[in-house]
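One letter stands for each residue in the lines below.
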Amino acid sequence: MRASIVIALLIAATGAASLTTASVHNVGDFAGWTVEVNYSVWSSTKSFNVGDIIVFIYNKSLHDVVELEEADFSSCNVASPISTYSTGNDSITIYRYGHSFFACGFPGHCVAGQKLDIYVPKNLSATLSARRSAHHGKGETTSISGYGMVAVVVTVTVSVIILRFVIFTC
Ligand SMILES: [Cu+2]
């Protein structure tokens, strides 16, 4: 009986953790960050969320990473980036919904295709954000805690259901 309850709680906790854990995406998978990969195709096979981490791995003497505004991304103007990363192994946390635009800042590389558009759909997150704004007057910066609250509700609900089942069957 006691073991069953422990197992039930572990299952519930695991479910909650899977809802709140951020994903890590290695850009370009094994090819990394280079001019030889079609990053539109790569990103179309992934789903991204706020809090996820995208990792750019590259030879830092040949490439770097710049985050760009949309207009600069479209025209491959890498002269005025939002941020620049150049360690060769950069972990960048996706911090906003909608699009985040990245490219290589080395001459000609963006035009050659070394550019990446990360898109986080707004439908679910926008709903959560609007609810939070109504309650707390806060914006998208609290988005992670929204998922945390969902996880807590799911955990409690699942725990109650499983505990009822355990109590009636023991
Ligand atoms: Cu490059």
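Residues numbered from 1 in each chain as written. Predicted model: local features only at pLDDT ≥ 70, side-chain atom pairs only at ≥ 80, totals over all residues.

Thoughts on the overall build of the protein
From N to C terminus, the protein includes five helices and seven strands. Split into buried and exposed, the 170 residues of the protein put 21% on the buried side. Summarising the internal contacts of the protein: among those between residues at least 6 apart in sequence, 73% fall at separations of at least 24. (Helix = DSSP H or I, 4+ residues; strand = E, 2+ residues; numbered from the N terminus. Buried ≥ 20, exposed ≤ 12 C-beta atoms within 10 Å, placed from the backbone. Contact = placed C-beta atoms within 7 Å.)

Regarding the confidence of the model for the protein
The pLDDT averaged across the protein works out to 78; a share of 60% of its residues lies at or above 70. Within the model, the stretch residues 14-18 combines pLDDT values under 50 with seven contacts to residues more than four positions away or in other chains. For the stretch residues 133-147, pLDDT sits under 50, and the model shows 16 contacts to residues farther than four places along the chain or on other chains. (pLDDT = per-residue confidence, 0-100.)

Points about the sheet that holds strand 1 (residues 24-26)
Taken together, the three strands give an open sheet; going across it, the order is 1-2-5, and neighbouring strands pair in mixed fashion. The outermost strands of the open sheet, each flanked by one partner alone, are strand 1 and strand 5 (89-93). Strand after strand, the sheet turns through a mean of 20 degrees between neighbouring axes, direction not considered. The pairing of strand 2 (residues 53-57) with strand 5 spans five bridges and is antiparallel. The residue bridging I57 from the neighbouring strand is N89, located in strand 5. (Pairing = 2+ DSSP bridges. Axes fitted to C-alpha atoms, helices over the stretch in contact; angles between N-to-C directions.)

Quick word on unusual backbone geometry
If you check the backbone angles, D29 has positive phi at about 50 degrees while not being a glycine. Along the chain, D29 falls in the loop between strand 1 and helix 2 (39-44). A positive phi angle is found at C76, which is not glycine, with a value near 55 degrees. By secondary structure assignment, the location of C76 is in the loop between helix 3 (70-75) and strand 4 (83-85). What makes C76 partly exposed here is the crowd of 17 C-beta atoms within 10 Å.

Side note on the environment of N77
Locating N77 in the fold gives a position in the loop between helix 3 and strand 4. A tally of 14 C-beta atoms within 10 Å means that N77 is categorised as partly exposed.

Examining the sheet that holds strand 7 (residues 115-120)
Within a beta sheet, neighbouring strands are joined by backbone hydrogen bonds and run either parallel or antiparallel to one another. The strand order across the open sheet formed by four strands is 4-3-6-7, and the pairing between neighbours is antiparallel. With one partner strand each, in any of the chains shown, strand 4 and strand 7 form the two edges of the open sheet. Here the strands of the sheet are splayed against their neighbours by 25 degrees on average, with no regard to which way each runs. Examined bridge by bridge, strand 6 (residues 98-103) and strand 7 share six bridges and lie antiparallel to one another. Paired with G98 across the strands is V120, a residue of strand 7.

Regarding the nonpolar core
Counting residues in each nonpolar core, the largest one holds 19 residues, and the members touching the most others are F56, V65, V66, L68, F102 and A103. Put simply, the parts of the chain that give this core at least two residues each are strand 2, strand 3 (65-68), strand 6 and strand 7. Among all residues touching L68, those that are not within four sequence positions of it are F73, V78, P81, I82, F101 and A103. (Core = buried A, V, L, I, M, F, W, Y, C linked by C-beta atoms within 7 Å.)

Details of the pairing of strand 2
The alternating pattern of strand 2 places I54 and F56 on a buried face and I53, V55 and I57 on a face that is not buried. Pairing of strand 1 with strand 2 involves three bridges; the strand directions are parallel. Within strand 2, the residue paired with V24 across the bridge is I53. Each parallel crossover has a hand, and the one from strand 1 via helix 2 to strand 2 is right-handed. (Right-handed = clockwise from strand over helix to strand, strands pointing away.)

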